[in-house]
Amino acid sequence: MVKGLVFDKKVSHASGGLTRMENAKIAVIQFQISPPKTDIEQSIVVSDYTQMDRILKEERNYILGMIKKIKATGCNVLLIQKSILRDAVTDLSLHYLAKAKILVVKDVERDDIEFITKTLNCLPIANIEHFKEEKMGYADLVEEVSVGEGKIVKITGIRDMGRTATVLVRGSNQLVLDEADRSLHDALCVIRCLVNKQFLIAGGGAPEIELSRQLGAWAKVLHGMEGYCVRSFAEALEVIPYTLAENAGLNPITIVTELRNRHAQGEINAGINVRKGQITNILEENVVQPLLVSTSAITLATECVRMILKIDDIVTVR
């Protein structure tokens, strides 16, 4: 876990580009430091050598003018967004940036811009004319470091850093990385659920089977279509402990039947203990889950069923 920013990219080494910068003034730019192109796709044929030299000179002056404006603000680290219109930077612009002692990280993904600017406490710059010092972020150190066989760019000591953090995940292949990413996402979602609603309940299928039991008892006192609907709802809730037992390699019919029996005897915290392969008091095993997870799942499933039933007016939904 890095308190700062990490890019899975190298810094630009063209023309001896810098790989380390202390007291960094960082700008996130969304414009291109390259010669402009025509608005429509077309070819320009130049047959005169003097005209060709003039075009090249104009391109150099255009790029040099942009870099001088950037340097005048005190910027010494540039994060350049990847462009789909034309090259975000050219070899010539990288050469001038290296001479101006500006560290460059190019091909930053568009989807990452919001996270980057929030972390660096800066604003993205869409035009060279809007390049102002107050739009930049500040950090103690920007450096390229070796990690395993590759290299990454790490930004640390960020001034007035946003409420973000970076987790660097390494693995032998993309499959391992994707699985680690999903695991981290699941863990963060659990924390978010606890922040939104600060209640924990027993896991192991205990709340679902208890709810199913109580709804089943209520269905017996109802008549007609309402009783049938409530009973079906109660039976549907048993799918969760049934699936849990099945995924654990247990006999789902035996396990769910025993679980239902234990809850009927008043053991409301009885749940499926996957490690022991039996029904135990799941709270004593410290197997808990956020209340919001269960309530959200039941609410969304109920709304989905209501929507389907209302289409054909099978049941009058109140």
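Residues numbered from 1 in each chain as written. Predicted model: local features only at pLDDT ≥ 70, side-chain atom pairs only at ≥ 80, totals over all residues. Heavy atoms only, no water.

The chain goes by T-complex protein 1 subunit delta in an unreviewed UniProt entry, where it is assigned to Linum tenue. The UniProt entry for the chain carries the following text under Sequence similarities (unreviewed entry): "Belongs to the TCP-1 chaperonin family." Per UniProt, the comment on the chain under Subcellular location (unreviewed entry) is "Cytoplasm". (UniProt positions renumbered as here; feature names shortened; annotations may be inferred.)

Take the overall build of the chain next. On a plain count of helices and strands, the chain comes out with nine helices and eleven strands. Over its C-alpha trace the chain gives a radius of gyration of 30 Å, far above what one expects of a compact globule, namely 20 Å for 318 residues. Each principal axis of the C-alpha distribution contributes one length, and for the chain these read about 95 × 45 × 35 Å. Counting across all 318 residues of the chain, residues that qualify as buried make up 34%. Nonlocal contacts in the chain, meaning residues at least 24 apart in sequence, comprise 72% of its contacts between residues at least 6 apart. Carbon and sulfur atoms make up 53% of the accessible area of the chain, which amounts to about 20300 Å² in all. Positive and negative side-chain charges in the chain, numbering 39 and 40 respectively, have mean positions lying 5 Å apart. (Helix = DSSP H or I, 4+ residues; strand = E, 2+ residues; numbered from the N terminus. Rg over C-alpha atoms; globule rule 2.2 N^0.38 Å. Buried < 20%, exposed > 50% of the residue type's maximum accessible area, 1.4 Å probe, protein only. Contact = heavy atoms within 4.5 Å. Areas by Shrake-Rupley, 256 points an atom, 1.4 Å probe, with all protein chains shown as cover. Lys, Arg positive; Asp, Glu negative; His and termini not counted. Charge placed at Lys NZ, Arg CZ, Asp CG, Glu CD.)

A rise of 1.5 Å per residue sets the reference length of helix H8 (residues 252-264), with its 13 residues, at 18 Å; its end C-alpha atoms lie 18 Å apart and thus fit the reference within 8%. Turning to H8, its buried residues are Pro 252, Ile 255, Val 256, Leu 259, Arg 262 and His 263. End-on view of H8: buried residues confined to an arc of 125°, all on one side of the axis. Exposed and oriented more than 90 degrees from the buried face of H8 are Ile 253 and Ala 264. As for H8, its buried residues are in contact with helix H5 (206-219), helix H7 (239-247), strand E9 (270-273) and strand E10 (278-281). (Expected span 1.5 Å × (residues − 1). Arc of directions from axis to C-beta.)

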